[in-house]
Amino acid sequence: MGEQDLHEIKAPVAGRFFHSAQAGAEPYVRVGSRVTAGQVVCIIEASYVLNEIESEVAGRVTEIAARDRQTVDFGQTLFRVDPHG
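Note that this is a predicted model, so its numbers are computed, not measured.

J.: Got a sec to walk through the pattern of salt bridges? Specific residues and values, please.
T.: This structure, assessed with the given rule, holds six salt bridges. Notably, a salt bridge pairs Glu8 with Lys10, separated by 3.5 Å at the nearest N-O pair. Of the charged contacts, one joins Glu63 and Arg80 as a salt bridge, the two residues approaching to 2.7 Å between their closest N and O atoms. Here Arg80 lies in strand β8 (residues 77-82) and Glu63 lies in strand β6 (residues 59-64), a separation of 17 residues in the sequence. Residue classification places Glu63 among the partly exposed positions, given a relative accessible area of 31%. Of the residues examined, Arg80 reaches a relative accessible area of 14% and is grouped as buried.

Definitions and cut-offs
Residues numbered from 1 in each chain as written. Predicted model: local features only at pLDDT ≥ 70, side-chain atom pairs only at ≥ 80, totals over all residues. Heavy atoms only, no water. Salt bridge = Lys/Arg side-chain N within 4 Å of Asp/Glu carboxyl O. Helix = DSSP H or I, 4+ residues; strand = E, 2+ residues; numbered from the N terminus. Buried < 20%, exposed > 50% of the residue type's maximum accessible area, 1.4 Å probe, protein only.

Written out as structure tokens, the structure reads:
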């Protein structure tokens, strides 16, 4: 499997990346988690609005490219998903 086979979930807005719904809660996904299309994978807070970010594809999460509470830019890769996994 090459990197070109992976689907990248990118930030649709700039803001602060959150791995879970609240501090101390389980993260939405981990490396190795299986996701479905439409499943919430993280939250990005932008201008005090919490935006639930969903996976566009089903597959297995191979990488989480952002750290919890990190500021992310529009278009920045957040996750890589293997749609064949």
